[in-house]
Amino acid sequence: MIFADKRDIMTNIPDNHFDEIHLPSSSNADSRITYTDGNFMLVESMREFYNMQTHKVKFNFFLVCKAGRLQFQVNGSDICISEKQMLICPSNMVVRSVMMSPDCECSIFCITDQLLAAALKSRVELWDKTMYINKYFLLDIPRYESPFFEYFKSKTRSAGLFREEIILSLISCMLLEVLEHIHQLSAVPSADDKSQPSRNDELFNKFLDMLSGSKVKRNTVEWYAREMCITPKYLSSICKNVSGKAPITWINDYVMQDICVFLRDTNLTCKEISDELGFPNSSYFGKFVKDRLGISPRAYRLQLRKK
C-alpha cells in the first residue's frame, strides 16, 4: 500500500484541527475534475486527490473502486474497498487517512443534499433515514460497470439544450437503484409501510439532521424537542418506533463520534475539545468518556493513535 501526498480539492487543513470540504463550482473547478457545477461533481480518477488529512465532507459521495484496494476511515470506522465495490456516504461525515494499492483505480460521484433531494423527491426521507442510521454502506456493484456510466459521463461533457435535465434524470436513476439495493440490506421500514406514519419519518429525519449538522450535539432531549416544536415524550416515542433507539442514545452516539475524531485527528487538549463540543468543563468531559469507554480521554487518545 502507498500513501499519497496530493493536496485536497478545496482547502489546507490547520495542524490542530480539521476543516470542511464543499463542492467547487464550475468557475473555480480543478482541471483534474471531470465535471462540476457546484451541486454535482464527477472525478474519474481519485489518484490525484489523495492525502492523509482529516476533513468533514459536506456532500454525499459514491466512491467506486474498479481495481485494487482503497482504505480509509469514515467517522472513525475503518473501511477497505476492493475491486467492484461502491462506498456510499451521506454528507457531514469525517474522512481521514486515505491509502491505496499501486494498482488502485477508482472514481467518485459527489452530490449536495439539495440536488439529492431534487433527484429523489418523495423518496428522500427514506434515503435520509437509511443513511443516518447506518452511517455508510459498502456494496458489491458488478452490475454498475455498464454503458450507463459511460453515457452518464458523455452527457457531462456535452452542451445540449437539455443537458441539465438529462443529468438530473440519470442521477435520479442511479440514486433510486442504489436506494433500492441498500434498503434491502437495512432494517429501515419502507416509506410505504403504513405502520410508520410519514410524519414520524419526517420528524425523525429532522432530529438526525440536527444531530449530524450541529457542532455542539450534547444537548438534552428536551432541547431538541423544543427546537422541533414537539414534546420530549413525543420525540422519544418517534425515535423508538422508527429506529428502536432512544433519543439520548442517538445523542450520546453522535457526541462520542465527535470525541473520537477530535482525540485522534487533532492536537487539541482535552480542555479545548471539551469547550469545542459544549461540555461545561473538562472534568465532566472526562467523566463522560470514562463512563462509556472505561478509560480516560488521554488513554483513549493513545489507543486510537496506535491503531
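Keep in mind it's a predicted model, so treat the numbers as computed, not measured.

Parameters at a glance
Residues numbered from 1 in each chain as written. Predicted model: local features only at pLDDT ≥ 70, side-chain atom pairs only at ≥ 80, totals over all residues. Heavy atoms only, no water. Helix = DSSP H or I, 4+ residues; strand = E, 2+ residues; numbered from the N terminus. Buried < 20%, exposed > 50% of the residue type's maximum accessible area, 1.4 Å probe, protein only. Contact = heavy atoms within 4.5 Å. Pairing = 2+ DSSP bridges. Axes fitted to C-alpha atoms, helices over the stretch in contact; angles between N-to-C directions. Expected span 1.5 Å × (residues − 1). Arc of directions from axis to C-beta. pLDDT = per-residue confidence, 0-100. Salt bridge = Lys/Arg side-chain N within 4 Å of Asp/Glu carboxyl O.

**Looking at the side chain of S274**
In step 1: One can find S274 in helix α9 (residues 270-276).
In step 2: A relative accessible area of 0% means that S274 is categorised as buried.
In step 3: Setting aside residues up to four positions removed in sequence, S274 forms contacts with F279, N281, S282 and F285.

**Observations regarding the sheet that holds strand β5 (residues 60-67)**
In step 1: Read from one edge of the open sheet, six strands run β2-β3-β10-β5-β8-β11, paired in antiparallel fashion. The outermost strands of the open sheet, each flanked by one partner alone, are β2 (35-36) and β11 (137-140).
In step 2: The pairing of β5 with strand β10 (residues 105-111) spans seven bridges and is classified as antiparallel. Following the sheet pairing, V64 is matched in β10 by S107.
In step 3: Across the sheet, helix α1 (residues 113-120) touches β3 (40-43), β5 and β10, and the angle it forms with β10 is around 80°.

**Some words on helix α10 (residues 282-293)**
In step 1: In this model, α10 (twelve residues) spans 16 Å end to end at C-alpha, consistent with the 16 Å of a helix rising 1.5 Å per residue.
In step 2: Here α10 has its buried residues at F285, G286, F288 and V289. For α10, the angular spread of buried residues about the axis comes to 160°, placing them on one side. Pointing more than 90 degrees away from the buried face of α10 are the exposed residues S283, K287 and D291.
In step 3: The first or second residue beyond α10 is G294, which carries a positive phi of 85°.

**Examining the confidence of the model for the protein**
In step 1: For the protein, the average pLDDT comes to 78, and 82% of its residues sit at 70 or higher.
In step 2: For the protein, helix α3 (residues 147-157) is the element with the lowest average pLDDT, namely 72, and helix α6 (residues 221-227) is the one with the highest, namely 93.
In step 3: The model gives residues 1-16 a pLDDT under 50, and that stretch makes 44 contacts with residues more than four places away or in other chains.
In step 4: Residue range residues 188-197 is modelled with pLDDT below 50. Its contacts to residues more than four positions away, or to other chains, number 19 contacts.

**Side note on the environment of L263**
In step 1: With respect to the element layout, L263 can be found in helix α8 (residues 247-265).
In step 2: For the pair L263 and L304, spaced 41 residues apart in the sequence, the C-alpha separation amounts to 7.8 Å.

**Structural notes on the pattern of salt bridges**
In step 1: One pass over the structure, following the stated rule, counts five salt bridges.
In step 2: Salt-bridge contacts for K215 lead to E276; the nearest nitrogen and oxygen are separated by 3.1 Å. Of this pair, K215 sits in the loop between α5 (198-213) and α6 while E276 sits in helix α9, placing them 61 residues apart in sequence.
In step 3: Relative accessible area serves as the criterion here: at 54%, K215 is assigned to the exposed category.
In step 4: The partner of D258 in a salt bridge is K217, and the shortest N-O contact between them spans 2.7 Å. You can see D258 sitting in helix α8 and its partner K217 sitting in the loop between α5 and α6, a full 41 residues away along the chain.
In step 5: Taking relative accessible area as the criterion, D258 reaches 15% and is therefore assigned buried.
In step 6: Assessed through its relative accessible area of 3%, K217 is described here as buried.

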